[in-house]
Amino acid sequence: MSKAEEFEELRPLLFSVAYRILGSVGEAEDAVQEAWLRFDGSSARPVSARAYLSATVTRISIDVLRSARVRRERYVGPWFPEPLLSDPYEDPARSVELADSVSMAALLLLERLSPLERAVFVLREVFAFGFDEVAAAVGRSEAACRQLLVRARRHMEAGRPRFAADRRERQELATRFFEALKDGDVDGLRQLLAADVQLTGDGGGNAPQLAGAVVGAQKVARLLGTVFPWLFRIGVSLEPHEVNGQPGAILRDRDGRVLHTLALDVLDGRIQAVRTVVNPDKLGHIGPVADAWAVDREVRQARRR
C-alpha cells in the first residue's frame, strides 16, 4: 500500500480525532492536511502509519487549540463548535461512545479541559487507544497520561450528557417538534420541551441571534412559535438533518443558502436544549451561506406590514 493509500484509509479517524479536540471542522481538516504533509515528507516509513499519523494530528491539534483558546475568550456571545453533519469515522463496537462524544453538549464539556486533558480523554475514552499510544501522541509518560485522564473524567462526569438510547424515539420527538415549529404551535412546542429547557444561539457578532440564552418551556416555546413562522413566510425552509450526532435541522433561505443550523438535546422524552449556530464563519463547510442580516430585515418588514 502506498503512503497516499494508507493516509486516505486513516483520514476518517484522523479527522474525527482532530474535530473532537478542536471543535472546528475547518481547523480539523487543516490539522489532517498538515499531518499528511509531514507523513509524505518523512524519509523514513513508520512501522505503524496509524500510530504515527494519530500522534501527529493530535500534537498539531493541541498546538492549534492552545492558540484558539485565546480567540474564544474574546468571542462575542455564546461559543458553540462548528456543526458537524456526519462523522466520517465509524466503529460498530463503539458507536454509542462516538455519537455521544461528538454532540454539542459533550464538546462544550470538553471545553472545560486543558488541551492535554482533552487530547488524552479523546484518544483513550472515545477511541480506546492504548496508554502507550496516548503517551506517544501527547509526549507524556503513561503514568502522567493516567493522571490526566483521571482529572478529565472528573471534570466531565458532573455534566456528561446521557442521551436517549432509542434513536427512533428521538427522531419521532424531533419530527413533532419541527411540525409544531412550522405551524407556530406554541402549546404543542411547550409540551415537547423540558421544564428547564434552554435555547441558546451562537452568532459570534456576525449575524442576528435568535437568542443569547432563554430558559424555561413557556418562554422558549413562545419565542420559537413567534419567530419561525415569519421565517417560513418569507421563503426560509427547514431541512431535518442530524447535527453532531443528535436530531437537528438546517435552515436555508429561499435560494437554498445556509441560514443556520439547529441541534436538539433529547433526554427522558423531552427536549432539554435547543442550540442554533448562525455565525456564517461556522457554516461555510455546509454550503453557500445566506445573508442572515438581509433575512432579518425582510422578516422585520413583513411583520410591520
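Residues numbered from 1 in each chain as written. Predicted model: local features only at pLDDT ≥ 70, side-chain atom pairs only at ≥ 80, totals over all residues. Heavy atoms only, no water.

## Overview of the overall build of the protein
Here comes step 1: Per the secondary structure count, the protein includes twelve helices and six strands.
Here comes step 2: Relative to a compact globule of 305 residues, whose C-alpha radius of gyration would be 19 Å, the protein shows 21 Å and is just as compact.
Here comes step 3: Looking at the protein as a whole, 51% of its 305 residues are labelled buried.
Here comes step 4: Considering only contacts in the protein between residues 6 or more positions apart, those separated by 24 or more positions represent 66%.
Here comes step 5: In the structure as shown, the protein presents an accessible area of about 14000 Å², 48% of it carried by carbon and sulfur atoms.
Here comes step 6: The centroid of the 43 positive side-chain charges in the protein is displaced by 5 Å from the centroid of its 43 negative side-chain charges. (Helix = DSSP H or I, 4+ residues; strand = E, 2+ residues; numbered from the N terminus. Rg over C-alpha atoms; globule rule 2.2 N^0.38 Å. Buried < 20%, exposed > 50% of the residue type's maximum accessible area, 1.4 Å probe, protein only. Contact = heavy atoms within 4.5 Å. Areas by Shrake-Rupley, 256 points an atom, 1.4 Å probe, with all protein chains shown as cover. Lys, Arg positive; Asp, Glu negative; His and termini not counted. Charge placed at Lys NZ, Arg CZ, Asp CG, Glu CD.)

## Regarding the pattern of salt bridges
Here comes step 1: Under the definition given, this model contains 20 salt bridges.
Here comes step 2: Across the pair arginine 45 and glutamate 6 runs a salt bridge whose closest N-O atoms are separated by 2.7 Å. Note that arginine 45 is positioned in the loop between helix 2 (25–41) and helix 3 (49–73) and glutamate 6 in helix 1 (residues 3–22), a separation of 39 residues in sequence.
Here comes step 3: Judged by relative accessible area, arginine 45 falls into the partly exposed class, the value being 46%.
Here comes step 4: One salt bridge connects arginine 66 with aspartate 63, and the closest N-O pair in it is separated by 3.8 Å. Of this pair, arginine 66 and aspartate 63 both sit in helix 3, three residues apart, roughly one helical turn. (Salt bridge = Lys/Arg side-chain N within 4 Å of Asp/Glu carboxyl O.)

## Some details on the environment of leucine 193
Here comes step 1: With respect to the helices, strands and loops of the structure, leucine 193 is situated in strand 1 (residues 193–202).
Here comes step 2: In sequence terms leucine 193 and valine 214 are 21 residues apart; their C-alpha atoms lie 13 Å from each other.
Here comes step 3: In contact with leucine 193, not counting residues within four places along its chain, are Phe177, Ala217, Val220, Ala221, Arg270 and Ile271.

## Observations concerning the packing of aromatic side chains
For any two aromatic rings, the description comes down to two numbers: the centre-to-centre distance and the angle of the planes.
Here comes step 1: As enumerated under the stated definition, the model contains seven aromatic pairs in all.
Here comes step 2: Here phenylalanine 177 and phenylalanine 178 contribute two aromatic rings whose centre-to-centre distance is 5.5 Å and whose plane-to-plane angle is 70°, an arrangement assigned as edge-to-face.
Here comes step 3: The exposure class assigned to phenylalanine 178 is buried, which follows from its relative accessible area of 4%.
Here comes step 4: Chaining the aromatic ring pairs together yields one cluster made of Phe7, Trp36, Phe39 and Tyr52.
Here comes step 5: Over the ring of phenylalanine 39 we find lysine 3, and its NZ or CZ is 5.2 Å from the ring centre.
Here comes step 6: Note that arginine 146 overlies the ring of phenylalanine 131, its terminal NZ or CZ placed 4.0 Å from the centroid. (Phe/Tyr/Trp six-rings, centres within 6.5 Å; stacked < 30°, edge-to-face > 60°. Lys NZ or Arg CZ within 6 Å of the ring centre and 35° of its normal.)

## Re the pairing of strand 1
Here comes step 1: Most of strand 1 is tucked away, with seven of its ten residues classed as buried.
Here comes step 2: Pairing of strand 1 with strand 6 (residues 270–277) involves six bridges; the strand directions are parallel. Along strand 6, the bridge assignment pairs threonine 200 with arginine 275. (Pairing = 2+ DSSP bridges.)

In short, the description is geometric, and any link to function would need to be established separately.
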